[in-house]
Amino acid sequence: MDNLTPTEPGLVELKKYLEEMVRNMHSDLPEECMWATHQIVDIMHECDQKIVSIKQKEEYERLSVEFAHMSDTEKSMLRLGDPHQYGRYQHASKMANLPAITTTAEYMQALKIK
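Reading the values: the criteria
Residues numbered from 1 in each chain as written. Predicted model: local features only at pLDDT ≥ 70, side-chain atom pairs only at ≥ 80, totals over all residues. Heavy atoms only, no water. Salt bridge = Lys/Arg side-chain N within 4 Å of Asp/Glu carboxyl O. Helix = DSSP H or I, 4+ residues; strand = E, 2+ residues; numbered from the N terminus. Buried < 20%, exposed > 50% of the residue type's maximum accessible area, 1.4 Å probe, protein only. Polar contact = N/O pair within 3.5 Å; in protein donor to acceptor, adjacent residues only side chain to side chain. Contact = heavy atoms within 4.5 Å.

**Overview of the pattern of salt bridges**
Consideration 1: Taken as a whole and judged by the stated rule, the model has eight salt bridges.
Consideration 2: When the shortest N-O distance is used, the salt bridge between Lys 57 and Glu 61 registers 3.3 Å. Residue Lys 57 and its partner Glu 61 are both found in helix α2 (residues 35-68); the two are separated by four residues, about one turn of the helix.
Consideration 3: Put simply, Glu 59, Arg 62, Glu 66 and Arg 88 are held in one network by salt bridges that share partners.

**Side note on the environment of Met 21**
Consideration 1: In this fold, Met 21 is placed in helix α1 (residues 8-28).
Consideration 2: Looking at Met 21, the relative accessible area reads 27%, which means it is partly exposed.

**Considering the side chain of Lys 15**
Consideration 1: With respect to the helices and strands, Lys 15 occurs in helix α1.
Consideration 2: Polar contacts involving the side chain of Lys 15 include one to the side chain of Asp 48, which spans 2.9 Å.
Consideration 3: Excluding its chain neighbours within four sequence positions, the residues that come into contact with Lys 15 are Met 44, Cys 47 and Asp 48.

Below is the structure:
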């Protein structure tokens, strides 16, 4: 993995760093420069979204692997007995092969929704 690919630990560290920066800005910056803190808070929210996206991708991958290891009989029984869970496995298998999604537009594009 390269240094340009966001990871959960890296995003958590970045968010901590930014939180500290905002605290320092509130005590050090003049009032007319406070708009900059809003920009940093926006980046912090983006970090949160990416962390959720990474965790969701990991869950999709886990479910996809479980589904792939099920026998055809197990899949048929699941489809008949718990169609909602069967659908979750199918959806996870589809989404596991896609990059982590962080925006609604990316999600709609992944599902080919216009």
